[in-house]
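For reference, the chains in residue letters:
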Amino acid sequence: MRISTTTPGAPVQSVSDAAPADSARPAAAPAAQRELESAVLQPALQALKEMGDVDHERVAQLRDALAKGELPFDAGKLAGLIQRFHKGEQ
């Protein structure tokens with residue numbers, strides 16, 4: 001897309017929908033890199049597929065309760081749960 005400094009009311013140059021030049025495209029990842037990405041991302045993608053939808057209303061209620069001090073929060077317990085999850089101890 002070009003931006004020109006023409007005067008108001010002058011004809012507008014049309015924008016092309018053509019694909020960007022090859023030089024603007026990133027180089028393809030080597031096969032080893034693609035395999036690593038696949039091995040790392042596939043379990044995460046599967047976990048996302050297995051998760052249920054987020055109840056945004058409930059999240060908002062919990063956020064409000066936490067902000068008001070009505071919901072106890074233990075950062076140490078959360079850290080322990082995160083560590084257990086990432087070690088596969090669920």
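All values derive from a computational prediction rather than experimental measurement.

K.L.:
Mind laying out the overall build of the protein chain, listing which residues take part and the relevant values?
P.N.:
Scanning the protein chain from terminus to terminus reveals three helices and zero strands. Counting across all 90 residues of the protein chain, residues that qualify as buried make up 1%. For the protein chain, the computed accessible surface area is about 8700 Å², with 57% contributed by carbon and sulfur atoms.

K.L.:
Give a detailed account of helix α2 (residues 56-67), specifying residues and quantitative values.
P.N.:
Over its 12 residues, α2 extends 16 Å from the first C-alpha to the last, a length consistent with the 16 Å expected when each residue adds 1.5 Å. Trailing α2 by a residue or two, Gly69 shows a phi angle of about 80 degrees, which is positive.

K.L.:
Provide a residue-level description of helix α3 (residues 75-87), including the pertinent values.
P.N.:
Under the 1.5 Å per step criterion, the end-to-end length of α3 is 18 Å for 13 residues, consistent within 8% with the ideal 18 Å. At the N-terminal end of α3, a side-chain oxygen is found 3.1 Å from the backbone nitrogen of Gly76, two or three residues along, and the residue is Asp74. Gly88 lies just past α3 and shows a positive phi near 85 degrees.

K.L.:
An account of the confidence of the model for the protein chain is needed here, citing residue identities and associated values.
P.N.:
With 64% of its residues at a pLDDT of 70 or more, the protein chain has an overall mean of 76. By mean pLDDT, the top-scoring element of the protein chain is α3 (93), and the lowest-scoring one is helix α1 (residues 31-50) (79).

K.L.:
Give a description of a nonpolar patch on the surface that names residues and reports values.
P.N.:
Side chains of Leu62, Leu66, Leu71, Phe73, Leu78 and Ile82 sit close together on the surface and give an oily, nonpolar patch of about 510 Å² of accessible area. Of all the elements in the fold, those that place two or more residues in the nonpolar patch are α2 and α3.

Parameters at a glance
- Residues numbered from 1 in each chain as written.
- Predicted model: local features only at pLDDT ≥ 70, side-chain atom pairs only at ≥ 80, totals over all residues.
- Heavy atoms only, no water.
- Helix = DSSP H or I, 4+ residues; strand = E, 2+ residues; numbered from the N terminus.
- Buried < 20%, exposed > 50% of the residue type's maximum accessible area, 1.4 Å probe, protein only.
- Areas by Shrake-Rupley, 256 points an atom, 1.4 Å probe, with all protein chains shown as cover.
- Expected span 1.5 Å × (residues − 1).
- Polar contact = N/O pair within 3.5 Å; in protein donor to acceptor, adjacent residues only side chain to side chain.
- pLDDT = per-residue confidence, 0-100.
- Patch = residues over 30% accessible without salt bridge, like charges linked within 9 Å, V, L, I, M, F, W, Y side chains within 5 Å.
- Salt bridge = Lys/Arg side-chain N within 4 Å of Asp/Glu carboxyl O.

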